[in-house]
Structure formats: structure tokens, C-alpha cells
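One-letter residues, chain by chain:
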Amino acid sequence: MEHRSMRAAYFLSRGDHIGRPFEDAIFRGLFQAGFDRIDIFAPDPASQLDGYPGRFAIHPIEYRLAWLRREILAARWRSYALFLGACALPMAFAGCLAFRSRKPLVTCCDEIYTGRVPAALGYWGTLARFAMRHSALTVITDRVRCALQRDYAGLPSDHRFVENPCCFASAYDGPSKTEMREQLNIPADEFVVSFTGEPHD
């Protein structure tokens, strides 16, 4: 029996998110589920992806109404078996294209945006939350965040969450904590606080 190729379209908020542990696990999950190819749409996308040669295509995107108007009726979107979108603005675009193509949609929720840190304003925020409510499931980093995402997006009580911790699929092989302290000239008994991300007012 001839194998039918399956492709997924994944919309990211930033090109430099490609290759992070969260996305890496989603890529691996899609390939294990039988997908042959993943098309990634992101502003200023990275030029290449290591680890899965030949199984990706990377496309630049403008998260603007003009881009969506130009693309919404294109026949190529019907060739995808699945659409995925990051929170929150990419989800609005993934949702529109999934609905137009009548294909399933998945929310990839590594960040949860609230009113204090809006990632999609006005009708884009409304459209993103609408898409989240109609997605088949939400991939989330930790189940303790489910209630927050459910409240933000207005998800139904039976909405399905799949936990995807932000860790690499392969074992860590970098320097030990002791070695890192030595490299950074930090005493062994010095208390260290670290964080990632960007602070907001």
C-alpha cells in the first residue's frame, strides 16, 4: 500500500525559538506520530535546522492582516494534515488557516499571556483565544499552568492538555555544577539565583 505523506504547519512567534527544547519535543512527537514533514512559519526564521535534515521547510511570515488576506484562500493550506500555533498571535493565524482548510488544530503553550503582558491585542487576541478554545488539545509545559491557560482562553472543562516539560530529549552532557562554578569563579558555598526570559514592569 502506498504511503501517504503527512505534513504539519507550525506557526511560531519568533524565529530564534526554533530548536528550543519545547519545540524539539513537539517535532519528535510529530515524527513519531507518522508525520513526514513539518513546515515552520516564523518571522526572521533561522536559516537551517540540525538534527532532522530534509524533514523541515522554514518560511518567513508577517503576522499582519495583509499577509492573512493574501494567503487565506491559497490551495496549499489544504495539503496540511495538522496546524499548530504558539501562544498567542501565531495561534490566531494557525486557527484561521486550520478552519479554512477544515483541518485539526493544536495549541502549543510554552508561554501564557495575561492582560499585563499582551502578545496579541484587540481582535487578534480575541481570534487567538477563539482558536485556542477550538483546538483539539493544548500542549503545555506543566500541568500547574492548566488552570491559568483555561482561564485566559476560556477553555471548556473537558479540554485536553498534554504535558511537555521544557527539557531536552537527550541526556545533558555539559559541565557539572562544580565545573561551572569554577569556570565562573563562584565559591562553592555562594548562593546563586538565576533566571531566563525578559523582565516586565
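Summarised in this report is the structure supplied together with it. (Residues numbered from 1 in each chain as written. Predicted model: local features only at pLDDT ≥ 70, side-chain atom pairs only at ≥ 80, totals over all residues. Heavy atoms only, no water.)

A full pass over the atoms with the stated rule returns 15 aromatic pairs. Between Phe27 and Phe56 the ring centres are 4.8 Å apart and the planes differ by 65°, which places this aromatic pair in the edge-to-face class. Of the two residues, Phe27 sits in helix α1 (residues 21–32) while Phe56 sits in strand β3 (residues 56–60), which places them 29 residues apart along the sequence. A single burial state applies to Phe27 and to Phe56, both of which are buried. These aromatic residues form a ring-pair network of at least three members: Phe11, Phe41, Tyr63, Trp67, Trp77, Tyr80, Phe83, Phe93, Tyr123 and Trp124. Stacked on the ring of Tyr80, the Lys or Arg Arg7 has its end atom at 4.5 Å from the ring centre. Arg55 extends its terminal NZ or CZ atom over the ring of Phe31, reaching a point 3.7 Å from the ring centre. (Phe/Tyr/Trp six-rings, centres within 6.5 Å; stacked < 30°, edge-to-face > 60°. Helix = DSSP H or I, 4+ residues; strand = E, 2+ residues; numbered from the N terminus. Buried < 20%, exposed > 50% of the residue type's maximum accessible area, 1.4 Å probe, protein only. Lys NZ or Arg CZ within 6 Å of the ring centre and 35° of its normal.)

Sheet architecture is open: seven strands sit in the order β3-β2-β1-β4-β5-β6-β7, paired in parallel fashion. One side of each edge strand has no neighbouring strand; the edge strands of this open sheet are β3 and β7 (161–163). On average, each strand axis in the sheet is inclined to that of its neighbour by 20°, with strand direction left out of account. In terms of strand pairing, strand β1 (residues 7–11) meets strand β4 (residues 82–86) through four bridges, oriented parallel. (Pairing = 2+ DSSP bridges. Axes fitted to C-alpha atoms, helices over the stretch in contact; angles between N-to-C directions.)

Tracing the sequence through the fold places Asn164 in the loop between β7 and α6 (177–183). For Asn164, a relative accessible area of 9% gives the class buried. A polar side-chain atom of Asn164 sits 3.3 Å from the main-chain carbonyl oxygen of Phe22. (Polar contact = N/O pair within 3.5 Å; in protein donor to acceptor, adjacent residues only side chain to side chain.)

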